[in-house]
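Structural overview
Take a look at the letters that make up each chain.
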Amino acid sequence: MSVYLHPIGLSDSPQVASQGDGPGAIRLAGSMVYANRFALVVREGGAVVHRRVFGLADAAEALSELGGALASEAERQWANLQLVHAPLQLGERTVRLDQPQIMGVLNVTPDSFSDGGEFLERPEAGQAHAAAMLEAGAAIIDIGGESTRPGGAATWEGDEIERVIPAVEYCANMGAAISVDTRRAGVLEAALGKGAHLANDVSALRYDPRSLGLVASAGCPVVLMHAPGTGEDLHEGGDYADVVSEVFDMLHAQRANAIAGGIAEERILLDPGIGFGKSLSDNLALLNALPLFHALGSPLLLGASRKRMIGALSNEEPAHRRMGGSLALAVRGMEAGVHILRVHDVAETVQARNVWRGLRDAALTDFAQLPT
């Protein structure tokens, strides 16, 4: 049997749900989001065998009534929901996780769905784009040398290194915090040697058997992303009975595997893998269930920018015309307490984040929301 502790009632501030003289909400994973209602679900063999909805006042009773190992797991997830994550130290840059941070995408591939290879063929354009993203407020630049879109061809490691390293070098010269979007240990090792700081592995360290040991020995933070495929095609095998619990279970298992392999718990981030081997309905279900993934105990990264699902919901708009949908999904992530948003349109997302944060800050001192 498996336990899932899902925050289902979220608020702008803790006083919205205050009960008498005490708080009625918890701060969700150190973010600017507060949770006041929770669903405790137990599944066995794919079926829900227990479900209880409760508030903060009833939490101890709801968790303990499961008994034994289930109660222990529920209590662990309850603690994780309230865990305040330490900042990421990426080179000389400190990335705090107490507000949503923006990770800007820099694709150096010949077949990227979003930029058509512009930044590979013209390195000066890539450098200018990286500089513009940093100036606009990107906390991290994520460099990718392989297209992982559905149907994309696998990339030889040597080619990927040749694409990625020049971008790492010019971003390092700017003093950027650098993430490398790769599933190959050779690419990651080369990038770390040239100044990269963070591994963003779309296979959750399952594709290359060398990757887990490399990340552990390097001591760098790592993003573990969900994708159903374990071979060349990451999208293969995306057939789910219940996508939310299955993605949760896989991330839970890969996180535990990473820790057992020597990766420090505080250096792990998790990504539900929107668009990777998932249908439109799967993606929507995961986006609606994002608060649940805080129960795993790691900071969350969301990469939904310009994804195909936006086109599916908006008359099949092409990738370069999906900014509106991308911003809507970014705000959805913010409202779920996601810590890092991986996006193509940095300036616009930073502006949306700043306005969203202004509203949250104001809610903390809004007397209309204070209890009488």
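Structure: see above.
Residues numbered from 1 in each chain as written. Predicted model: local features only at pLDDT ≥ 70, side-chain atom pairs only at ≥ 80, totals over all residues. Heavy atoms only, no water.

Attention now goes to the overall build of the chain. From N to C terminus, the chain includes twelve helices and 14 strands. For the chain, the C-alpha radius of gyration of 20 Å lies close to 21 Å, the compact-globule estimate for 372 residues. When its C-alpha atoms are laid out on the principal axes, the chain stretches across 60 × 45 × 45 Å. Relative to its full complement of 372 residues, the chain shows a buried share of 55%. Summing over all exposed atoms, the chain offers an accessible surface of approximately 15,100 Å²; the carbon and sulfur share of this is 50%. One finds the centroid of the 29 positive side-chain charges in the chain at a distance of 2 Å from the centroid of its 45 negative side-chain charges. (Helix = DSSP H or I, 4+ residues; strand = E, 2+ residues; numbered from the N terminus. Rg over C-alpha atoms; globule rule 2.2 N^0.38 Å. Buried < 20%, exposed > 50% of the residue type's maximum accessible area, 1.4 Å probe, protein only. Areas by Shrake-Rupley, 256 points an atom, 1.4 Å probe, with all protein chains shown as cover. Lys, Arg positive; Asp, Glu negative; His and termini not counted. Charge placed at Lys NZ, Arg CZ, Asp CG, Glu CD.)

With that settled, consider the layout of surface pockets. Here the second largest pocket defines a volume of roughly 210 Å³. Along its surface, the second largest pocket is lined by 13 residues, and Tyr4, His6, Val41, Val244 and Leu292 are the ones closest to its centre. Looking at the lining of the second largest pocket, the elements with two or more residues in it are strand E1 (2–11), strand E3 (34–44), strand E4 (47–55) and helix H8 (243–260). Residue composition of the lining of the second largest pocket, by class: eight nonpolar, two polar and three charged. (1 Å grid on protein atoms, 1.4 Å probe; cavity = no way out; pocket = protein on both sides within 12 Å on 5 of 7 lines; lining within 4 Å. Points joined across faces, edges and corners; volume = space filled by probe spheres on them. Nonpolar A, V, L, I, M, F, W, Y, C, P; charged D, E, K, R; others polar.)

You will see that Arg306, though not glycine, has its phi angle at about 60 degrees, which is positive. Tracing the sequence through the fold places Arg306 in the loop between strand E13 (301–302) and helix H10 (308–312). Arg306 sits in the buried class, given a relative accessible area of 13%.

Turning our attention to the packing of aromatic side chains. Evaluation of the coordinates by the stated rule reveals five aromatic pairs. Summarising the aromatic geometry, the rings of Phe38 and Trp78 are spaced 4.9 Å apart at their centres and angled 75 degrees between planes, so their arrangement reads as edge-to-face. One end of the pair, Phe38, is in strand E3; the other, Trp78, is in helix H2 (residues 68–81), and 40 residues separate them in sequence. Judged by relative accessible area, Phe38 falls into the buried class, the value being 0%. (Phe/Tyr/Trp six-rings, centres within 6.5 Å; stacked < 30°, edge-to-face > 60°.)

Attention now goes to helix H4 (residues 123–136). Side chains three or four residues apart in an α-helix point the same way, a direct result of the helix having 3.6 residues per turn. Given a rise of 1.5 Å per residue, 14 residues ought to cover 20 Å, and the 20 Å separating the end C-alpha atoms of H4 matches this to within 8%. All buried positions along H4 are accounted for by Ala125, Gly126, Ala130, Met133 and Leu134. Of the residues flanking the end of H4, it is Gly137, one or two places downstream, whose phi is positive at about 120 degrees. (Expected span 1.5 Å × (residues − 1).)

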